[in-house]
Amino acid sequence: MEKILESKPIKKIFTQISPHYDLINRIMTFGLDQKWRKACAKACLANGSKRVLDLGCGTGDLTLQITSNAPDNTIIYGLDFNSEMLEKAKEKATSLPESKRPTFIVGDAASLPFPNNYFDSIGTAFTLRNLAYQDMLTEKYLPECLRVLAPGGSLVILETSQPNSKVIRWFYHLYLNSMVRGLGLLWGEPKAYAHLASSASKFYSPQELVSLLQESGFKNVSYRQFCLGAIGLHIGRKP
Ligand SMILES: C[S@@+](CC[C@H](N)C(=O)[O-])C[C@H]1O[C@@H](n2cnc3c(N)ncnc32)[C@H](O)[C@@H]1O
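Notes on the structure in this doc start here.

1. Digging into the layout of surface pockets
Estimated volume of the largest pocket: approximately 510 Å³. In this structure, the largest pocket is lined by 28 residues; those nearest its centre are M28, T29, Y172, Y175 and L176. In terms of residues, the lining of the largest pocket owes the most to one element, helix α9 (residues 166-186), which gives 6 residues. Broken down by class, the residue content of the lining of the largest pocket amounts to 23 nonpolar, 4 polar and 1 charged.

Here you go:
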């Protein structure tokens, strides 16, 4: 597994941007990203979830939102395959009392180190569109989520989306290809930011993501959008 992880190009991209990942997030979203993560965290806890996974937790912003909204006895994991991003998450969690801290682990979403039916919910923020990047294991991700979710458990996906209006979509893609790529030049990481921009502009429409989740075996799939449709929050349940 270690060899597979090392060879994934996306891992290097996140190592490059980990030092200023949070700041860039706030700039690119005009500070709205934490509000969207809050909605994602709430949906993860909506049915009194006792065990929650933040998949591709990165620097831990969603994990910490889930933790601060959850009752004390909730078991919360953050998993990511990039140790540099995880170090940032661990650092942030030190502000919480030890008994409340989530567990952060290194792992690949294609082969989750958890038993079947373990989680009541899985939240994932801005990770899904990165999973497939030049990755032979793409087809494993949604089945892995289904495997570790308990029956009735939910997968909550916060991700970039596609505005329904053609005009807004045009401006949104213009923003991605100018502002986001421009920030990459500013930070001296043009390739990494070009990936963020192009993966967002090519990502599924909300209806396409609904179909993908249904085809993968999720039921009761629903979604809402934020920011004129640029961001989507999809929820699917394991039957
Ligand atoms: C855009 S960041 C999102 C981080 C965080 N969820 C947030 O809300 O800011 C995507 C994260 O997915 C992680 N990732 C990508 N592919 C992965 C995989 N196959 N297994 C585990 N983590 C992965 C990356 O390392 C990165 O930290």
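Here the narrative resumes, following the displayed structure.
2. Remarks on the site of the ligand
By nearness alone, 21 residues border the ligand, and Y21, G56, D80, D108 and A125 come closest of all. The contact in question runs from a nitrogen atom of the ligand to an N or O atom on the backbone of F81, over 3.3 Å. When atom positions are compared with the pocket grids, the ligand is found to occupy the largest cavity. Of all the elements in the fold, those that place two or more residues in the shell around the ligand are α3 (21-28) and α7 (128-131). Among the residues forming the shell around the ligand, the class breakdown is 10 nonpolar, 7 polar and 4 charged.

3. A short note on the side chain of R129
The residue R129 is located in helix α7 in this model. When its relative accessible area of 12% is taken as the criterion, R129 is described as buried. Polar contacts involving the side chain of R129 include one to the side chain of E159, which spans 2.9 Å. Within polar-contact distance, the side chain of R129 engages the backbone oxygen of L196 at 3.4 Å. Among residues more than four places away in sequence, those in contact with R129 are E159, T160, L196, S199, A200 and F203.

4. So, helix α4 (residues 33-45)
Spanning 13 residues, α4 covers 19 Å between terminal C-alpha atoms, matching the ideal 18 Å at 1.5 Å per step. All buried positions along α4 are accounted for by D33, W36, R37, A39, C40, A41, A43, C44 and L45.

5. Concerning the pairing of strand β1 (residues 51-55)
On any regular strand, side chains alternate: one points to one face of the sheet, the next to the other face. Among the 5 residues that make up β1, 4 are buried, leaving the element largely enclosed by the rest of the structure. Summarising the sheet, β1 and strand β2 (residues 75-80) pair through 5 bridges and their orientation is parallel. Counted as the bridge partner of L53 is Y77 from β2. The β-α-β motif built from β1, the intervening helix α5 (residues 61-69) and the parallel element β2 has right-handed crossover chirality.

6. Thoughts on the packing of aromatic side chains
Taken as a whole and judged by the stated rule, the model has 10 aromatic pairs. An angle of 40° between the planes, with centres 6.0 Å apart, marks the rings of F30 and Y175 as tilted. One end of the pair, F30, is in the loop between α3 and α4; the other, Y175, is in helix α9, with 145 residues separating them in the sequence. Seen in terms of ring centroids, F114 and F119 are 4.8 Å apart; in terms of plane orientation they differ by 80°. Their pairing is edge-to-face. We note that F114, like F119, is buried. An aromatic cluster is built from Y77, F114, Y118 and F119, whose rings are joined through pairwise contacts.

Calculation rules
Residues numbered from 1 in each chain as written. Predicted model: local features only at pLDDT ≥ 70, side-chain atom pairs only at ≥ 80, totals over all residues. Heavy atoms only, no water. 1 Å grid on protein atoms, 1.4 Å probe; cavity = no way out; pocket = protein on both sides within 12 Å on 5 of 7 lines; lining within 4 Å. Points joined across faces, edges and corners; volume = space filled by probe spheres on them. Helix = DSSP H or I, 4+ residues; strand = E, 2+ residues; numbered from the N terminus. Nonpolar A, V, L, I, M, F, W, Y, C, P; charged D, E, K, R; others polar. Near = heavy atom within 4 Å. Polar contact = N/O pair within 3.5 Å; in protein donor to acceptor, adjacent residues only side chain to side chain. Sits in = over half its atoms within 2 Å of the grid points. Buried < 20%, exposed > 50% of the residue type's maximum accessible area, 1.4 Å probe, protein only. Contact = heavy atoms within 4.5 Å. Expected span 1.5 Å × (residues − 1). Pairing = 2+ DSSP bridges. Right-handed = clockwise from strand over helix to strand, strands pointing away. Phe/Tyr/Trp six-rings, centres within 6.5 Å; stacked < 30°, edge-to-face > 60°.

Scope: geometric values only; no functional claims are made or implied.
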